[in-house]
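Close look at the chain arrangement
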Amino acid sequence: MPSPEVSRVFICIELPSSIRAQGDELQRTLGTLDRHIRWVKPSNLHLTLRFLGEISGARVESVCSSVQRVASRVEPFLVHLSGTGCFPSLRRPRAFWIGVGENQNLTHLFKVLEDELFSSGFAHETRPFSPHLTLGRIRVDRVSARVREALASTKFEAAPFAVTHVTLMQSELRNSGSVYTPLAQAPLKLT
Ligand code: 2AM
(Lines give C-alpha, C1' and ligand atoms only; values in the text may rest on other atoms or scores of the structure.)
Protein backbone atom coordinates (compact mmCIF):
# COMPACT_ATOMS: atom_id res chain seq x y z
CA MET A 1 0.00 0.00 0.00
CA PRO A 2 1.42 3.45 -0.86
CA SER A 3 2.62 5.41 2.12
CA PRO A 4 0.43 8.45 2.96
CA GLU A 5 3.73 10.31 3.20
CA VAL A 6 4.16 10.10 -0.55
CA SER A 7 2.94 13.01 -2.69
CA ARG A 8 2.65 13.43 -6.44
CA VAL A 9 4.12 16.82 -7.14
CA PHE A 10 5.19 19.16 -9.90
CA ILE A 11 6.69 22.63 -10.10
CA CYS A 12 4.78 25.19 -12.12
CA ILE A 13 3.90 28.76 -12.87
CA GLU A 14 0.38 29.62 -11.82
CA LEU A 15 -1.62 31.82 -14.19
CA PRO A 16 -3.46 35.07 -13.58
CA SER A 17 -7.26 34.83 -13.61
CA SER A 18 -7.43 36.79 -16.89
CA ILE A 19 -5.45 34.05 -18.68
CA ARG A 20 -7.47 31.27 -17.07
CA ALA A 21 -10.64 33.07 -18.21
CA GLN A 22 -9.30 33.21 -21.77
CA GLY A 23 -8.49 29.49 -21.61
CA ASP A 24 -12.01 28.84 -20.33
CA GLU A 25 -13.46 30.84 -23.21
CA LEU A 26 -11.49 28.82 -25.75
CA GLN A 27 -12.56 25.56 -24.11
CA ARG A 28 -16.21 26.67 -24.33
CA THR A 29 -15.80 27.48 -28.01
CA LEU A 30 -14.38 24.01 -28.68
CA GLY A 31 -16.40 22.31 -25.91
CA THR A 32 -18.64 20.09 -27.97
CA LEU A 33 -16.09 19.35 -30.69
CA ASP A 34 -15.37 15.79 -29.58
CA ARG A 35 -16.64 13.90 -26.54
CA HIS A 36 -13.21 12.29 -26.14
CA ILE A 37 -11.54 15.57 -25.27
CA ARG A 38 -11.33 16.04 -21.51
CA TRP A 39 -10.86 19.73 -20.77
CA VAL A 40 -8.61 20.83 -17.91
CA LYS A 41 -10.63 22.72 -15.31
CA PRO A 42 -9.84 26.44 -15.84
CA SER A 43 -8.82 26.76 -12.17
CA ASN A 44 -6.22 24.00 -12.80
CA LEU A 45 -4.60 25.62 -15.86
CA HIS A 46 -0.87 26.13 -15.24
CA LEU A 47 2.52 26.14 -16.94
CA THR A 48 4.62 23.15 -15.83
CA LEU A 49 8.31 23.70 -15.22
CA ARG A 50 9.11 20.23 -13.91
CA PHE A 51 7.05 17.14 -13.09
CA LEU A 52 8.59 15.19 -10.18
CA GLY A 53 6.02 12.42 -9.72
CA GLU A 54 5.60 10.63 -6.41
CA ILE A 55 8.15 11.62 -3.78
CA SER A 56 8.44 11.11 -0.02
CA GLY A 57 7.47 13.74 2.53
CA ALA A 58 11.16 14.32 3.32
CA ARG A 59 11.87 15.00 -0.35
CA VAL A 60 8.88 17.33 -0.56
CA GLU A 61 10.51 19.40 2.22
CA SER A 62 13.77 19.44 0.32
CA VAL A 63 12.05 20.44 -2.96
CA CYS A 64 10.24 23.27 -1.12
CA SER A 65 13.64 24.63 -0.08
CA SER A 66 15.06 24.17 -3.58
CA VAL A 67 12.14 26.02 -5.16
CA GLN A 68 12.54 28.86 -2.67
CA ARG A 69 16.30 29.10 -3.26
CA VAL A 70 15.85 29.15 -7.03
CA ALA A 71 13.04 31.72 -6.95
CA SER A 72 15.09 34.07 -4.77
CA ARG A 73 17.81 34.12 -7.48
CA VAL A 74 15.58 34.79 -10.53
CA GLU A 75 13.94 38.12 -11.31
CA PRO A 76 10.27 38.42 -12.31
CA PHE A 77 9.69 38.30 -16.09
CA LEU A 78 6.95 38.35 -18.71
CA VAL A 79 5.40 35.38 -20.49
CA HIS A 80 3.48 35.70 -23.72
CA LEU A 81 1.04 32.89 -24.50
CA SER A 82 0.32 32.55 -28.17
CA GLY A 83 -0.90 29.92 -30.61
CA THR A 84 -2.10 26.36 -30.04
CA GLY A 85 -0.84 22.91 -30.90
CA CYS A 86 -1.06 19.20 -30.16
CA PHE A 87 1.25 16.62 -28.58
CA PRO A 88 2.66 14.43 -29.95
CA SER A 89 1.31 15.64 -33.30
CA LEU A 90 -1.82 16.92 -34.95
CA ARG A 91 -2.17 13.52 -36.66
CA ARG A 92 -2.36 11.74 -33.30
CA PRO A 93 -3.34 14.42 -30.82
CA ARG A 94 -3.21 13.36 -27.16
CA ALA A 95 -2.95 16.81 -25.64
CA PHE A 96 -4.18 20.13 -26.97
CA TRP A 97 -2.22 23.10 -25.69
CA ILE A 98 -1.61 26.84 -25.80
CA GLY A 99 1.96 27.75 -26.75
CA VAL A 100 4.55 29.96 -25.09
CA GLY A 101 6.46 32.48 -27.18
CA GLU A 102 10.27 32.14 -27.28
CA ASN A 103 11.32 33.14 -23.77
CA GLN A 104 14.92 33.08 -22.54
CA ASN A 105 13.90 34.06 -19.01
CA LEU A 106 11.61 31.05 -18.76
CA THR A 107 14.31 28.74 -20.13
CA HIS A 108 16.77 30.24 -17.65
CA LEU A 109 14.37 29.60 -14.76
CA PHE A 110 13.94 25.99 -15.92
CA LYS A 111 17.74 25.50 -16.12
CA VAL A 112 18.43 26.99 -12.69
CA LEU A 113 15.69 24.80 -11.23
CA GLU A 114 16.99 21.74 -13.04
CA ASP A 115 20.54 22.32 -11.68
CA GLU A 116 19.23 22.85 -8.16
CA LEU A 117 17.12 19.67 -8.28
CA PHE A 118 20.08 17.72 -9.67
CA SER A 119 22.24 18.97 -6.78
CA SER A 120 19.65 17.67 -4.36
CA GLY A 121 19.61 14.21 -5.91
CA PHE A 122 17.00 14.24 -8.69
CA ALA A 123 17.93 12.79 -12.05
CA HIS A 124 17.98 15.25 -14.93
CA GLU A 125 14.80 15.63 -16.96
CA THR A 126 15.41 13.61 -20.11
CA ARG A 127 12.80 15.35 -22.25
CA PRO A 128 13.61 18.78 -23.74
CA PHE A 129 11.88 21.68 -22.00
CA SER A 130 8.85 22.43 -24.11
CA PRO A 131 6.71 24.94 -22.21
CA HIS A 132 2.97 24.77 -22.89
CA LEU A 133 -0.35 25.13 -21.18
CA THR A 134 -2.43 21.98 -21.58
CA LEU A 135 -6.06 22.87 -22.27
CA GLY A 136 -7.41 19.40 -22.94
CA ARG A 137 -6.43 15.75 -23.10
CA ILE A 138 -7.68 13.47 -25.82
CA ARG A 139 -8.68 9.95 -24.82
CA VAL A 140 -8.67 8.23 -28.21
CA ASP A 141 -5.93 7.19 -30.63
CA ARG A 142 -7.45 8.92 -33.62
CA VAL A 143 -9.72 11.89 -34.09
CA SER A 144 -11.77 12.72 -37.18
CA ALA A 145 -10.48 15.04 -39.91
CA ARG A 146 -13.13 17.54 -38.79
CA VAL A 147 -11.70 17.62 -35.24
CA ARG A 148 -8.12 17.81 -36.53
CA GLU A 149 -9.00 20.75 -38.75
CA ALA A 150 -10.81 22.54 -35.93
CA LEU A 151 -7.81 22.08 -33.60
CA ALA A 152 -5.35 23.12 -36.32
CA SER A 153 -7.22 26.32 -37.09
CA THR A 154 -7.72 27.42 -33.47
CA LYS A 155 -6.02 30.72 -32.66
CA PHE A 156 -4.99 32.02 -29.26
CA GLU A 157 -3.33 35.27 -28.27
CA ALA A 158 -3.03 36.77 -24.79
CA ALA A 159 -1.45 39.91 -23.39
CA PRO A 160 1.91 39.13 -21.73
CA PHE A 161 1.61 38.44 -17.99
CA ALA A 162 4.20 38.83 -15.25
CA VAL A 163 5.59 35.73 -13.56
CA THR A 164 6.14 36.69 -9.92
CA HIS A 165 6.38 33.33 -8.17
CA VAL A 166 7.01 29.63 -8.66
CA THR A 167 4.72 27.02 -7.14
CA LEU A 168 5.34 23.52 -5.87
CA MET A 169 2.00 21.83 -6.54
CA GLN A 170 0.58 18.61 -5.16
CA SER A 171 -1.61 16.66 -7.57
CA GLU A 172 -4.14 14.15 -6.28
CA LEU A 173 -5.76 11.97 -8.90
CA ARG A 174 -9.44 11.52 -8.10
CA ASN A 175 -12.25 10.01 -10.16
CA SER A 176 -13.68 13.49 -10.58
CA GLY A 177 -10.33 14.78 -11.91
CA SER A 178 -7.02 16.07 -10.56
CA VAL A 179 -7.06 18.15 -7.39
CA TYR A 180 -4.14 20.56 -7.16
CA THR A 181 -2.93 22.01 -3.87
CA PRO A 182 -0.05 24.50 -3.68
CA LEU A 183 2.55 23.26 -1.16
CA ALA A 184 4.85 26.28 -1.58
CA GLN A 185 4.54 29.54 -3.50
CA ALA A 186 8.01 31.01 -3.74
CA PRO A 187 8.28 34.68 -4.79
CA LEU A 188 10.83 35.54 -7.46
CA LYS A 189 13.70 37.84 -6.50
CA LEU A 190 12.59 41.26 -5.32
CA THR A 191 14.15 43.95 -7.45
P1 2AM B 1 1.01 18.11 -19.46
O2 2AM B 1 0.28 19.40 -19.18
O3 2AM B 1 1.80 18.16 -20.71
O4 2AM B 1 0.11 16.91 -19.36
C5 2AM B 1 0.61 17.76 -13.84
O6 2AM B 1 0.27 16.51 -14.28
C7 2AM B 1 1.51 18.46 -14.80
O8 2AM B 1 2.76 17.77 -14.92
C9 2AM B 1 0.92 18.56 -16.19
O10 2AM B 1 1.09 19.88 -16.64
C11 2AM B 1 1.72 17.59 -17.00
O12 2AM B 1 2.06 17.98 -18.30
C13 2AM B 1 3.04 17.54 -16.28
N14 2AM B 1 3.70 16.26 -16.51
C15 2AM B 1 4.90 16.11 -17.11
N16 2AM B 1 5.24 14.83 -17.14
C17 2AM B 1 4.25 14.12 -16.60
C18 2AM B 1 4.02 12.73 -16.38
N19 2AM B 1 4.92 11.81 -16.69
N20 2AM B 1 2.85 12.37 -15.82
C21 2AM B 1 1.94 13.31 -15.50
N22 2AM B 1 2.10 14.64 -15.66
C23 2AM B 1 3.24 15.04 -16.22
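Note that the structure is a prediction, hence the values are computed from the model and not measured.

Calculation rules
Residues numbered from 1 in each chain as written. Predicted model: local features only at pLDDT ≥ 70, side-chain atom pairs only at ≥ 80, totals over all residues. Heavy atoms only, no water. Near = heavy atom within 4 Å. Polar contact = N/O pair within 3.5 Å; in protein donor to acceptor, adjacent residues only side chain to side chain. Areas by Shrake-Rupley, 256 points an atom, 1.4 Å probe, with all protein chains shown as cover. 1 Å grid on protein atoms, 1.4 Å probe; cavity = no way out; pocket = protein on both sides within 12 Å on 5 of 7 lines; lining within 4 Å. Sits in = over half its atoms within 2 Å of the grid points. Helix = DSSP H or I, 4+ residues; strand = E, 2+ residues; numbered from the N terminus. Nonpolar A, V, L, I, M, F, W, Y, C, P; charged D, E, K, R; others polar. Points joined across faces, edges and corners; volume = space filled by probe spheres on them.

Turning our attention to the site of the ligand. As a structural note, the neighbourhood of the ligand is formed by Arg8, Phe10, His46, Thr48, Phe51, Arg127, His132, Thr134, Arg137 and Tyr180. With respect to the ligand, the side chain of His46 contributes an N or O atom lying 2.7 Å from an oxygen atom. A distance of 2.6 Å is found between an oxygen atom of the ligand and a side-chain nitrogen or oxygen belonging to Thr48. Burial of the ligand by the protein amounts to 70% of the accessible area it has alone, namely 460 Å². In a pocket analysis with a 2 Å cut-off to the grid points, the ligand is assigned to the largest pocket. Elements supplying a minimum of two residues to the shell around the ligand: strand 1 (7–14), strand 3 (46–55) and strand 7 (132–138). Grouping the constituent residues of the shell around the ligand by class yields three nonpolar, four polar and three charged.

The amide bond that connects Phe87 to the next residue, Pro88, takes the cis arrangement and shows omega of -10°. By secondary structure assignment, the location of Pro88 is in strand 5 (residues 81–88).

In this section: the layout of surface pockets. Within this model, the largest pocket holds a volume of roughly 1200 Å³. Those elements giving two or more residues to the lining of the largest pocket turn out to be strand 1, strand 2 (37–39), strand 3, strand 7, strand 9 (165–174) and strand 10 (177–187). Looking at side-chain class alone, the lining of the largest pocket contains 16 nonpolar, eleven polar and nine charged residues. The space that makes up the second largest pocket amounts to roughly 200 Å³. Contributions of two or more residues to the lining of the second largest pocket are made by strand 1, strand 8 (161–163), strand 9 and strand 10. When its residues are assigned to classes, the lining of the second largest pocket shows ten nonpolar, six polar and two charged.

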